[in-house]
Amino acid sequence: MILDVLYDTCIDGLRLLPFLFLTYLAMECLEHWTGGKMQAVVRKSGKAGPAIGGILGVFPQCGFSAAAANLYAGRIVTVGTLTAVFLSTSDEMLPIMISENVGVSMIGKILLVKVLFAIAAGFLVDALFQRKEEPQIEHLCERQHCHCERGIWRSAFNHTWKIFLYIILVSLVLNFVIALAGEEALAAVVLNKPALSLFISALVGMIPNCASSVVLTQLYLGGVLSAGALMAGLLSGSGVGFLVLLRVNEDRMESLRIFGLLYVLGVAGGALIQLLGVRF
């Protein structure tokens, strides 16, 4: 079991590594090469951010959610864009459904609902909570002690390995806990509380580990979860994106509020699916 946990943690971390490095490299390029004009363009185009984030986030891995967390910490993207990415992130749902030979129609409907809800919620969050802030890439670098004056490649690498180690350590602890408790324990929590399935599924989905999306998807395919409960869990889950946000965002309380907002939106999205009688 120990070897399996170590192997899975390392593999998941290595898959995330290129996204982390490319994100930090892009941020360094933005800071060192483009100057104020490019930052102004990014800010002006930020109104469309939730639409772009909702589409990119649907890819079956948590790389975009980690990238969005870093970009938000540097105030390159809006809180609505970050929310859209987190809501649309599918983690392991898509690979599981493909491996189970689920029809293309069902997969397409689930992904479409996630993307549309994520985009709508992202625009709503921006309308309600967006604050006008200047990009803070330099400030982020100062907090991370990345020594940008040594070059963008070295600086990006310095950012990457610090966050990578943080994710590996936290994921390792979570993987051990899940391995000891068993994925069956997560399933039992949902099975024993059918009336609260929306709230419990959203809570399970927020566990920053791929096991949550695996359990939720398998329970739905097994006829245990309703479409609304599945959607609540899949919407609230953001992969390791929240771990990255908690690490790089200076305002910890703001990160926790975003985490709580994801839970509320996940439950709301699941309830909407339930009320409309949507079936996948």
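Since the model is a prediction, treat every value here as computed from it, not as a measurement. (Residues numbered from 1 in each chain as written. Predicted model: local features only at pLDDT ≥ 70, side-chain atom pairs only at ≥ 80, totals over all residues. Heavy atoms only, no water.)

### Description of the side chain of Thr83
Following the sequence through the fold, Thr83 ends up in helix H4 (residues 79-88). Among the polar contacts made by the side chain of Thr83, one reaches the main-chain carbonyl oxygen of Val79 at a distance of 2.8 Å. Apart from the residues lying within four places of it in its own chain, the contact partners of Thr83 are Val125, Leu261, Leu262 and Leu265. (Helix = DSSP H or I, 4+ residues; strand = E, 2+ residues; numbered from the N terminus. Polar contact = N/O pair within 3.5 Å; in protein donor to acceptor, adjacent residues only side chain to side chain. Contact = heavy atoms within 4.5 Å.)

### Things to note about the packing of helix H10 (residues 197-205) against helix H12 (residues 227-236)
Packing of H10 against H12 leaves a shortest axis separation of 7 Å and a crossing angle of 30 degrees. For the element pair H10 / H12, the angle class is roughly parallel. H10 and H12 meet at a crossing whose hand is right-handed. Residues Ser197, Leu198, Ser201, Ala202 and Gly205 of H10 lie in contact with H12, whose contacting residues are Gly228, Ala229, Ala232, Gly233 and Ser236. For the contact of H10 with H12, the per-class residue count stands at 4 nonpolar, 6 polar and no charged. (Axes fitted to C-alpha atoms, helices over the stretch in contact; angles between N-to-C directions. Parallel < 35°, antiparallel > 145°, perpendicular 65-115°, else oblique. Left-handed = near helix turned anticlockwise from the far one by under 90°. Nonpolar A, V, L, I, M, F, W, Y, C, P; charged D, E, K, R; others polar.)

### Quick word on the nonpolar core
One finds Leu82, Leu87, Met97, Ile110, Tyr220, Leu230 and Leu245 to be the most contacted residues of the largest nonpolar core, which totals 54 residues. With 9 residues, helix H6 (residues 104-129) is the single largest residue contributor to this core. Excluding anything up to four places from it in sequence, Tyr220 contacts Met97, Met106, Leu225, Ser226, Ala227, Leu230 and Phe280. (Core = buried A, V, L, I, M, F, W, Y, C linked by side-chain atoms within 4.5 Å. Buried < 20%, exposed > 50% of the residue type's maximum accessible area, 1.4 Å probe, protein only.)

### Digging into the side chain of Ser236
The residue Ser236 is located in helix H12 in this model. Given the relative accessible area of 0%, Ser236 is considered buried. Here Ala202 takes part through its backbone oxygen, which lies 2.7 Å from a polar atom of the side chain of Ser236. A distance of 3.2 Å separates a polar atom in the side chain of Ser236 from the backbone oxygen of Ala232. When near neighbours in sequence (up to four residues on either side) are disregarded, Ser236 contacts Ser201, Ala202, Gly205, Met206, Leu262, Tyr263 and Gly266.

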